[in-house]
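Here's the letter readout for the chains.
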Amino acid sequence: MSMPLIFEKSRPGRKAYSLPELDVPKKETSDSLPEWARRKQDPSLPEISEVDLIRHFTELSRRNFGVDQGFYPLGSCTMKYNPKINEDVAALPGFNNIHPYQPEELVQGALELMYEFGRDLCEISGMHEASLQPAAGAHGELTGLMIIKAYHESRGEGEKRTKVIVPDSAHGTNPASAAFCGYRVVEVKSDERGGVDLDSLREVISDDVAALMLTNPNTLGLFDENAVEIAEIVHNAGGLLYYDGANMNAIVGIVRPGDMGFDVLHYNVHKTFSAPHGGGGPGCGAIAVKEFLAPFLPVPVVEKQGDRYVLNYNRPQSIGMVKGFYGNFNVMVKGFAYIRSLGAEGLRKVAETAVLNANYVMTKLKEYYNLPYDRFCKHEFVIDSSRQVKHGVHTGDIAKALLDLAFHAPTIYFPLIVREAMMIEPTETESKETLDAFIEAMIKIAELAETSPETLQTAPHHTVVGRLDDVTAARKPIPRWTPPEE
Amino acid sequence: MDYVPHTNEDRSEMLKAIGISGIEELFSDIPSEVKLDRKLDLPPPMSELELRKHLSELAGKNTTTDDMVSFLGAGVYDHYVPSVVKHIISRSEFYTAYTPYQAEVSQGMLQSIFEYQTLMCELTGLDISNASLYDGATAIAEAATMSSRLTRRQEIIISQAVHPEYRSTLKTYAYNLGLEVKEVPFTDGSTDIEAIKELVSDKTACVILQNPNFFGCIENMALAAEAAHEKKALFVACVDPISLGILAAPGEYGADIAVGEAQGLGIPMGFGGPHLGFMTCRQQYIRQMPGRVVGETRDNQGRRGYILTLQAREQHIRRERATSNICSNQALCALAATVYLSWLGKQGIKEVAEQCMAKAHYACEELSKIPGVERMHRAPFFKEFAIRTPVNPETLSKGLLESNILGGLPLGRFYPELSDSLLIAVTEKRTKEEIDGLCRALEGLV
């Protein structure tokens, strides 16, 4: 059923807000502002009582599915449980009610947390120095590439190195970030085992390559066994190695990107380190680099001088700022709390269990769905619906059918190199019972694809709205509410 | 402490089902020479109790704006955050969800973003809003690259009276994209419109001004827009959404794109983030807009619903030809702003803006009575203004802290030539008593 918009509930004269009586002389806008500075037409904000406001957004929340509502195997997004204690400590007034321009001596706790978090991120990745400024994974990618560019320029090779190599299995943000950094994107093919095809790589590698961006395990959930060789090929040509940390959940405590030869990486703190995704954000895309790239990090950098923490802006080779202030601090608090809860043992257990869970579900499902790359996966795996397509049932239909069974759908139609892909990432926080229930649901859907394909083709049937028309939405966009004509 | 539910029995059953004897076999494809042969060097794990204590200790090392009376602004403002905001954004149906890719089970988030987009269009007087950007600084950078694509021009003109960190961020982005950034000077705190006219040319993609600007001065945006349009460049207005309760909307003075920082709309200062970058634009530019956009549509039974739309602009479809690389945005902050603006409503947004302005003007008048203290600029202002003081502002700020007053931003930090000036912000939260307290404390120091 459709729900009215908050604007449609508005009645002239109602209000939720209250403000103190003005205790200074009122300024008439007509006196203190020239006519050209004044607003002509009032904005039509809704007029609603507080109870109706609360009911409106509460009702909206009931029409939304999060990790707390059920299993969310959205591949590449690491939808693990978001610990409640992290929410509580991040909401402490000592973290929330501080201004970024307060004198350093009044924010030593915040700076200490950032410093320690940066050190933890370096240890976990095998890197030397971190910047917490990027707001999200894609922002971290862009920042990392800017650092790579600054490094090449510092060696007089900026003009020459114009290309960034990206595997065809990469996240869309990789080529987009490279382009946003002014690079030309060269795609390299995957081999039959799902890794980077070394011959294709050797063909495109030359002294005009600035970097190769690699997600490892990649978006197929497969560890690229040739990681070390890939690093050698790129390094020998003078290029640098960028590690997309979206899939760090598979390897924390087991292998470190720095030890595999990568020079810079970004984390998705909102994936690996349990900060919630907030319905799309905010995230934290912290980056960490090897020592030779540290001079190029964005300013400011949090440093420790004696027992004092400072923000250092005086780094002459820095790429500059990539965002206002210091990053999404509140998300850092959650990531830091998570790392400190788990410690080294806990983090390793995260990777081991995430990989165990994925392999368990994969093993159980490969009898019913096509598994294009049949080998041990890491934290996620990709199956496709080629067997179901014969009955007219596509990946999109399977995803919608899962919604009816109270599961979130996997990531679908990605990676692009697998037709009708379904990318399933269970994460480590799901119990065997939950995984078994999901497996059962997927098996049931596979059976329905043969016996009753139309049930799937018209799914979902039990959600608050049915399948939505995305074609018309894109062709004739209605991106805002407008009052009905009187 | 960890959050793994498996018992040993679960684990062995699962290993058996996979057909292996130990978990390490699942990692056999990682070359052993690069595998970590030790434990990570991290402090030992903490129980929930220990963690709460540790984090509370760290938080306790910060002095908060609850402990001081703050007149510090400069892009981040101590506005009141009503209780309703926290209660709604703490609903885990919202905060533990991912991006609403599966629309049928994400109608709550999608509809709230649709409402957010409508609110931002209303406030800015423009046609289209996206679902959010990281912050005010990156929103300016995105507006510049968007303008460059729309005009196929490579030059960005920005006023030196725009927030220094926004300009700094813009320059980082622009440098890497090969865009040239030219800065327009200000005179008496306001952007020099004549200088814009001289600089703008048929190479100019856009002209960017902030209103009120970094010094709190209200700019003559219409004249700047006219100067930009004269050469068919776009005009980008960076605005404070709270000010739009009374100040002219970007749509009213001819802006093509409006951007800004919406932290003031129900989001805590939080040491600088997460905040809320926003962007709205005219209808004809919709397909070059960066970031997610939610649109209304119908389901297979004709019922109204909402969906992520125009995705052909975005990185997951368009890859290196996308309008931006942005993926995760600031969705939960946009929800906070939606709740906040709904709480204020049509009257509240006006009243909060009027109170800010009245209190800031009262503070300015009272401060100006102190011998040797004067407002620096003559332009009209809203909630922030700069004063010149006979004592070094850094010394002054330290002195004010003795009276538990966070006394504003010494401008020398960003403008060495203004090292005798202090930027003071006054929101609706400040009382007459607190303002009088500032005046008394300051008078004692000069």
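Residues numbered from 1 in each chain as written. Chains lettered and ligands numbered in written order. Predicted model: local features only at pLDDT ≥ 70, side-chain atom pairs only at ≥ 80, totals over all residues. Heavy atoms only, no water.

J.: Just to check I follow, could you spell out empty space enclosed by the protein for this structure?
T.: In this approach the atoms are scanned with a rolling probe the size of a water molecule, which exposes any empty space left behind. According to the stated counting rule, one finds seven cavities of 30 Å³ or more in the structure shown. As a volume, the largest cavity reaches approximately 240 Å³. Elements supplying a minimum of two residues to the lining of the largest cavity: β7 (204-211), β8 (234-239) and β9 (257-261) of chain B. By residue class, the composition of the lining of the largest cavity is eight nonpolar, nine polar and four charged. Among the domains, domain 1 (69-79 + 345-445) and domain 2 (83-340) of chain B are the pair contributing at least three residues each to the lining of the largest cavity. Space inside the second largest cavity adds up to approximately 40 Å³. Looking at the second largest cavity, the residues that line it are A:Trp36, A:Ala37, B:Asn211, B:Ile218, B:Glu219, B:Asn220, B:Met221, B:Ala222, B:Ala248 and B:Tyr253. Partitioned by chemical class, the residues of the lining of the second largest cavity number seven nonpolar, two polar and one charged. (1 Å grid on protein atoms, 1.4 Å probe; cavity = no way out; pocket = protein on both sides within 12 Å on 5 of 7 lines; lining within 4 Å. Points joined across faces, edges and corners; volume = space filled by probe spheres on them. Helix = DSSP H or I, 4+ residues; strand = E, 2+ residues; numbered from the N terminus. Nonpolar A, V, L, I, M, F, W, Y, C, P; charged D, E, K, R; others polar. Domains from an automatic or database assignment.)

J.: When you look at the pattern of salt bridges in this model, what are you seeing that I'm missing?
T.: When the charged atoms of two side chains with opposite charge come close together, those side chains can pair. According to the stated counting rule, one finds 57 salt bridges over all chains in the structure shown. Here A:Asp208 ties to A:Lys163 by a salt bridge, and the two come within 2.8 Å at their closest N and O atoms. Taken as a pair, A:Asp208 in the loop between α8 (198-204) and β4 (209-215) and A:Lys163 in strand β2 (residues 163-167) lie far apart in primary sequence, 45 residues in all. You can call A:Asp208 buried: its relative accessible area is 17%. A:Lys163 gets classed as buried once you look at its relative accessible area, which sits at 16%. A salt bridge links B:Asp78 to B:Lys429; the nearest nitrogen and oxygen atoms lie 2.8 Å apart. Pair noted here: B:Asp78 is in the loop between β1 (69-70) and α3 (83-89) and B:Lys429 is in the loop between β17 (421-425) and α13 (432-445), with a separation of 351 residues, a long-range link. Judged by its relative accessible area of 6%, B:Asp78 falls in the buried class. (Salt bridge = Lys/Arg side-chain N within 4 Å of Asp/Glu carboxyl O. Buried < 20%, exposed > 50% of the residue type's maximum accessible area, 1.4 Å probe, protein only.)

J.: Please clarify how the layout of surface pockets should be interpreted in this entry.
T.: Within this model, the second largest pocket holds a volume of roughly 1,100 Å³. Considering the residues around the second largest pocket, the lining is formed by 40 residues, among which A:Ala91, A:Asn96, B:Lys86, B:Ile89 and B:Pro268 are closest to the centre. Put simply, the parts of the chain that give the lining of the second largest pocket at least two residues each are α3 (84-90), α4 (93-96) and α11 (329-365) of chain A together with α3 and α11 (331-368) of chain B. Per element, the largest residue contribution to the lining of the second largest pocket is five residues, and it comes from α3(B). Residues of the lining of the second largest pocket, tallied by class, amount to 20 nonpolar, 13 polar and seven charged.

J.: Help me out: how do you make sense of the nonpolar core in this one?
T.: One broad trend across soluble globular proteins is that nonpolar side chains are buried collectively. In this structure, A:Ile124, A:Phe273, A:Leu365 and A:Met442 are the most contacted members of the largest nonpolar core, which totals 149 residues. In terms of residue count, the dominant contributor to this core is α11(A) (20 residues). Here A:Ile124 is in contact with A:Met248, A:Val252, A:Arg256, A:Tyr267, A:Phe273, A:Ile339, A:Leu347, B:Leu40 and B:Leu42, once residues within four sequence places are set aside. Among the nonpolar cores identified, the runner-up in size contains 85 residues, and A:Leu468, B:Ile267, B:Trp343 and B:Leu344 belong to it. (Core = buried A, V, L, I, M, F, W, Y, C linked by side-chain atoms within 4.5 Å. Contact = heavy atoms within 4.5 Å.)

J.: Honestly, the interface of chain A and chain B in this entry has me stumped. Any pointers?
T.: Quite often, the size of an interface is put as the accessible area lost when its parts meet. The interface is formed by 207 residues belonging to chain A together with 186 residues belonging to chain B. At the surface where chain A touches chain B, the tally comes to 15 salt bridges. Where B:Arg52 meets A:Asp88, a salt bridge forms, and the shortest distance between an N and an O atom there is 3.4 Å. Between the two partners, chain A and chain B, sit 94 residue pairs in polar contact (both at pLDDT 80 or more). A per-element tally of the side of chain A that touches chain B places α11(A) first, with 26 residues. In terms of residue class, the side of chain A that touches chain B is built from 111 nonpolar, 52 polar and 44 charged. (Polar contact = N/O pair within 3.5 Å; in protein donor to acceptor, adjacent residues only side chain to side chain.)

J.: I'm lost on the packing of aromatic side chains in this one. Help?
T.: Each aromatic ring pair is characterised by the separation of its centres together with the angle its planes make. Going through the model one piece at a time under the given rule, you end up with 32 aromatic pairs over all chains. Aromatic ring contacts, followed pair by pair, group A:Phe95, A:Tyr101, A:Phe325, A:Tyr326, A:Phe329, B:Phe186, B:Phe214, B:Phe215, B:Phe271, B:Phe414 and B:Tyr415 into a single cluster. The ring of A:Tyr17 carries A:Lys15 above its face, with NZ or CZ at 4.4 Å from the centroid. (Phe/Tyr/Trp six-rings, centres within 6.5 Å; stacked < 30°, edge-to-face > 60°. Lys NZ or Arg CZ within 6 Å of the ring centre and 35° of its normal.)

J.: What should I look at first to understand the sheet that holds strand β10 (residues 381-384) of chain A in this one?
T.: The strands making up a sheet associate through hydrogen bonds between their backbones, and the pairing can be parallel or antiparallel. Residues and elements named next belong to chain A. Read from one edge to the other, the open sheet built from three strands follows the order β10-β12-β11, with strand pairing classed as antiparallel. Strands with a single pairing partner mark the edges of an open sheet, and in this sheet they are β10 and β11 (411-412). Relative to strand β12 (residues 421-424), β11 is paired through two bridges, and the arrangement is antiparallel. Bridging across to β12, Ile412 finds its partner in Met422. (Pairing = 2+ DSSP bridges.)

J.: Just to check I follow, could you spell out the sheet that holds β8(B) for this structure?
T.: Residue and element names in this part refer to chain B. Here we have seven strands laid out as an open sheet, ordered β2-β10-β9-β8-β7-β3-β4, and mixed in their pairing. Every other strand in the sheet has two partners, leaving β2 (128-129) and β4 (180-184) as the edge strands with one partner each. Direction of pairing for strand β3 (residues 155-159) relative to β7: parallel, over a ladder of four bridges. The partner of Ile157 across the bridge, within β7, is Val207. Contacts from helix α7 (residues 164-177) reach β3, β4, β7, β8 and β9, with the element oriented near 155 degrees to β4. Of the strands in this sheet, β7 and β8 touch helix α9 (residues 221-230), which is tilted by about 150 degrees from β8. (Axes fitted to C-alpha atoms, helices over the stretch in contact; angles between N-to-C directions.)

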